[in-house]
Amino acid sequence: MSKILLVDDDAELSSMLEQILTKEGFQLTLAADGEIGLERALSGSFDLILLDVMLPGIDGFQLLQRLRQQSRNTPVLMLTARGDDEDRVAGLELGADDYLPKPFYPKELVARVKALLRRTPNTSVRPEKSEYAGFTVDPAQNEARCDNHVLDLTPTEFDILRTLVRGNGEVVSKDQLSVAALGRSLAPFDRSLDVHISNIRKKLPNEPERIQTVRGRGYRILKLA
Amino acid sequence: MRWYNSLSIRLLLLFWVLLFAVASSGYLLALWFSKPVVPQPVPSEVQSSLAPILSEVETFRSLTPGRLVAGDYRVAASLAPSGTERLQFDRNISANFRELMMRQLDADQPQQFPMGSRMLMGPFALQDYRILVTRPLTVDEQQEQATNEQQTQRVQTLSLLVGSFAIAILLGVWLIQPLRRLTLATREIAKGSEQPNLQRLPKRNDELGELARALKTTAYDLAVSRDAQRRLLSDVSHELRSPLARMQVALMLSADEDDSQARDNHMNQLGRDLERLSTIIERILSLSRLENGLVKLQAEPVDVRQLVEQLVSDLNYTDAKQGARLQVHDSDAWPNTESDPELLRLIIENFVRNALQYTDDAIEISCQQDQTRYTIIIRDHGPGVPPEQLSQLFTPFYRADPSRNHKAGVGLGMALSMRTAAVLGGTVEARNHPDGGLEITVTLPLQVVSKA
């Protein structure tokens with residue numbers, strides 16, 4: 001049974017979401033403010049964290065940042081009620097795996113939660129190691145390397161990189177990547193995949209452009225000359 | 001700004017000085033380069049050819065100005081030792097040359113030099129009589145003079161060109177450069193810059209400096225209000241989405257629910273959120289009406305004491321337990337004033353309701369009055385507000401209680417009251433009472449009730 005931490009100060013919404021997700025077979029822990037949320041996220045072992053942005057104490061972004069600083073790569077799904085796109089993407093840049101703007105349909109939330117849980121390492125379908133152009137991705141060890149330099153990736157980034165490496169230098173479409181890493185197709189104007197790619201590039205030891213953008217088609221890994 | 005710092009005065013002076021400088025330098029350079037007119041001795045052949053005519057006393061005396069002496073030689077001026085018309089000039093010669101000729105009449109030796117289009121010669125003397133003669137310039141002499149003039153003109157033109165170019169550069173550096181900088185800065189502001197690059201312009205003492213300073217403050221004010229608006233929009237969207245999110249979830253839950261008790265709970269939740277949404281929307285609209293000056297005042301005589309008592313009894317009616325906490329202080333300070341009772345009540349009601357919501361003890365409402373103003377004070381006995389948060393109390397959607405307790409208001413009441421007080425010409429302040437509790441003071445202008 002997957003364990004989920006829900007950090008949201010909206011008590012009524014939290015209790016309703018708890019009902020829904022419990023019915024779907026998840027085990028829920030609630031936290032009503034940022035401090036408690038961070039404490040629980042760091043102490044317990046959760047398979048997924050649902051994180052609201054506006055929180056008393058420390059807000060969702062700060063919580064996420066501190067979580068990632070401690071190298072906790074638990075998948076995080078941001079729930080945000082704020083309007084602008086920048087706000088939504090900001091979470092991804094700090095290492096969230098996906099986001100869902102409020103208000104949302106409960107079914108959509110359940111689908112996203114399931115998609116994110118589906119691809120955690122222990123349920124991976126093909127655990128064999130793949131290599132291409134200096135990149136090594138080993139799902140069994142849960143380890144990704146670039147030129148023998150270990151990369152500290154979130155699960156989503158790990159899956160994106162793995163899918164790219166398995167492409168052997170061929171272009172992998174954004175939709176393919178999104179399905180593989182986020183378990184869903186991309187919505188129009190959805191920039192989450194691009195943000196994840198840019199996060200991976202920032203973590204590469206050199207030559208961030210070796211993950212090449214092929215405009216209008218997708219991404220591919222370049223062989224260095 | 002002092003008068004000598006004024007750009008118009010400076011421009012006037014600058015143009016004046018520079019134009020004067022260019023003109024005079026042109027003139028001086030022309031003088032410098034043009035060949036000075038040097039008197040030459042009269043050639044001896046002219047002297048000898050004129051000698052026979054000028055040696056006869058009778059003839060000499062009869063040589064009045066204007067008369068032909070010989071050939072092209074014509075008398076220009078004559079000086080007699082006495083008589084009513086001692087000094088006479090040829091009337092055909094410009095009066096401008098008279099001084100020159102008078103001086104030449106006194107010269108020791110006969111000399112010649114060009115004077116206008118003629119060659120002046122003299123003086124020739126016999127006894128006490130003296131005359132000057134002129135002849136037309138020869139072709140060569142005319143040519144020489146023309147060349148001379150041409151050269152002078154060239155020098156003048158050249159110095160004007162150089163001088164005006166210098167002016168242009170000076171103006172460019174001094175006037176056009178700042179203007180270009182201002183244009184660039186304005187473009188930066190249009191793109192949303194908070195601190196446009198104005199270099200050292202704001203330090204100038206003239207109008208351009210003033211403009212730069214105005215631009216600088218405008219950019220800052222714009223940025224501040226843009227940030228405030230963005231924050232408000234973000235807050236509004238957050239406040240509207242949160243109940244919507246709950247409603248969407250509650251709706252789904254109630255549809256799947258078989259238990260009627262649980263379904264009723266969800267329906268209640270839906271009802272509360274719906275009410276909350278409409279409150280938020282209504283208040284946001286009032287706030288924007290107030291801010292855009294769309295609220296019309298309905299001024300009438302108001303007994304403020306009575307208005308507050310009425311409010312207390314209304315609150316008492318809805319919730320007697322809560323209402324019992326309200327104490328209206330008895331004093332003579334409660335005024336009769338000209339005001340809008342609806343708006344006045346709205347201001348006080350919001351503060352009173354806030355106090356009821358956030359504290360559990362007594363709430364005192366009192367009044368003070370001076371010549372021009374009266375102040376209504378609403379004081380609670382709760383924990384107060386941390387000093388650094390006092391100023392934020394009136395920010396839309398700010399809530400003193402950080403845990404989002406949904407029984408609390410929507411976070412617009414204080415902002416609304418402050419704007420309303422401003423519409424009535426008053427101010428609102430919040431401070432912590434020295435003996436504990438939050439104290440809200442509403443200060444409004446006292447307007448004497450006209451006894452009509």
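Residues numbered from 1 in each chain as written. Chains lettered and ligands numbered in written order. Predicted model: local features only at pLDDT ≥ 70, side-chain atom pairs only at ≥ 80, totals over all residues. Heavy atoms only, no water.

Going by what an unreviewed UniProt entry lists, chain B is known as histidine kinase and is assigned to Pseudidiomarina atlantica. You can read under Subcellular location (unreviewed entry) in the UniProt record for chain B the words "Cell membrane". (UniProt positions renumbered as here; feature names shortened; annotations may be inferred.)

By the naming in an unreviewed UniProt entry, chain A goes by Chemotaxis protein CheY and is assigned to Pseudidiomarina atlantica. Turning to chain A, the UniProt annotation filed under Subcellular location (unreviewed entry) states: "Cytoplasm".

Colleague: Looking at this structure, I do not really get the pattern of salt bridges. What am I missing?
Modeller: Two side chains that carry opposite charge are able to pair once their charged atoms sit near each other. Counted by the stated rule, this structure contains 26 salt bridges over all chains. The partner of Asp 194 of chain A in a salt bridge is Lys 174 of chain A, with the nearest N and O atoms 3.1 Å apart. Placement of the pair is Asp 194 of chain A in helix H8 (residues 192-203) and Lys 174 of chain A in helix H7 (residues 174-182), with a sequence separation of 20 residues. Look at Asp 194 of chain A and you get partly exposed, because its relative accessible area is 25%. As a salt-bridge pair, Arg 276 of chain B and Glu 239 of chain B come within 3.9 Å of each other at their nearest N and O atoms. In this pair, Arg 276 of chain B is assigned in helix H7 (residues 260-291) and Glu 239 of chain B in helix H6 (residues 207-256), connecting sequence segments 37 residues apart. Using a relative accessible area of 11% as the deciding quantity, one classes Arg 276 of chain B as buried. (Salt bridge = Lys/Arg side-chain N within 4 Å of Asp/Glu carboxyl O. Helix = DSSP H or I, 4+ residues; strand = E, 2+ residues; numbered from the N terminus. Buried < 20%, exposed > 50% of the residue type's maximum accessible area, 1.4 Å probe, protein only.)

Colleague: Any chance you could explain the UniProt feature "domain: HAMP" (unreviewed entry) in chain B here in plain terms?
Modeller: The UniProt entry lists residues 173-227 of chain B under the feature "domain: HAMP" (unreviewed entry), expressed in the numbering used here. Along residues 173-227 of chain B one finds 71% helix and 0% strand; the C-alpha atoms at either end are 37 Å apart.

Colleague: Got a minute to help me understand the domain arrangement of chain B in this structure?
Modeller: By convention, interface size is frequently given as the accessible area that disappears when the constituent parts associate. When its domains are assigned, chain B resolves into domain 1 (3-33 + 145-184), domain 2 (40-137), domain 3 (207-291) and domain 4 (300-445). The C-alpha-based centres of domain 2 of chain B and domain 4 of chain B are spaced at 111 Å. (Domains from an automatic or database assignment.)

Colleague: What exactly am I supposed to notice about helix H2 (residues 44-55) of chain B here?
Modeller: What sets the pattern is the α-helix's 3.6 residues per turn: residues three or four places apart point alike. All names here are of chain B. With twelve residues, H2 extends 15 Å between its outermost C-alpha atoms, agreeing within 8% with the 16 Å of an ideal straight helix rising 1.5 Å per residue. Where H2 is concerned, the buried positions are Val 46, Leu 50 and Leu 54. Down the axis of H2, the buried side of the element spans an arc of 50°, and every buried residue falls inside it. Seen from the open side of H2, the exposed residues pointing more than 90 degrees away from its buried face are Ser 44, Glu 45 and Pro 52. Where H2 is buried, its residues meet helix H3 (57-62), strand E2 (68-70), strand E3 (73-79), strand E6 (118-126) and strand E7 (129-136). (Expected span 1.5 Å × (residues − 1). Arc of directions from axis to C-beta. Contact = heavy atoms within 4.5 Å.)

Colleague: Would you take a moment to explain the domain arrangement of chain A for this structure?
Modeller: All names here are of chain A. If you check the domain split of chain A, you get domain 1 (3-118) and domain 2 (122-221). Taking only C-alpha atoms into account, the centre of domain 1 sits 23 Å from that of domain 2. At the junction of the two partners, domain 1 supplies 17 residues and domain 2 supplies 15 residues. Three residues stand out in domain 1 for area buried against domain 2, namely Asn 73, Leu 92 and Asp 97, and they jointly supply 34% of the buried area on that side. Taken together, domain 1 and domain 2 are joined by one salt bridge. Within the residue set of the side of domain 1 that touches domain 2, elements represented by two or more residues are helix H4 (85-93), strand E5 (98-101) and helix H5 (106-118). (Buried area = accessible area lost by both parts, 1.4 Å probe.)

Colleague: Would you explain the interface of chain B and chain A in this entry?
Modeller: Facing 23 residues of chain B, the contacting portion of chain A comprises 22 residues. Together chain B and chain A conceal approximately 2,100 Å² of surface at their shared face, both sides included; 60% is due to carbon and sulfur atoms. Across the chain B-chain A interface, the total number found is three salt bridges. We note a salt bridge from Arg 272 of chain B to Glu 12 of chain A, for which the minimum N-O separation is 4.0 Å. Where the side of chain B that touches chain A is concerned, the elements lending two or more residues are H6 and H7 of chain B.

Colleague: For this particular structure, what's the right way to read the sheet that holds strand E7 (residues 135-138) of chain A?
Modeller: Pairing between the strands of a sheet is mediated by backbone hydrogen bonds and can be parallel or antiparallel. Residue and element names in this part refer to chain A. The sheet built from four strands is open, its strands ordered E6-E7-E8-E9 with antiparallel pairing. Of all the strands in the sheet, just strand E6 (130-132) and strand E9 (149-151) have a single pairing partner and so form its edges. Shown here is a sheet whose adjacent strand axes are inclined to one another by a mean of 20°, direction ignored. Looking at chain direction, E6 and E7 are connected through three bridges and run antiparallel. By the bridge assignment, Ser 130 is partnered in E7 with Val 137. Across the sheet, helix H6 (residues 155-166) lies against E6, E7, strand E8 (143-146) and E9, angled at about 120° from E7, the strand it touches most. (Pairing = 2+ DSSP bridges. Axes fitted to C-alpha atoms, helices over the stretch in contact; angles between N-to-C directions.)

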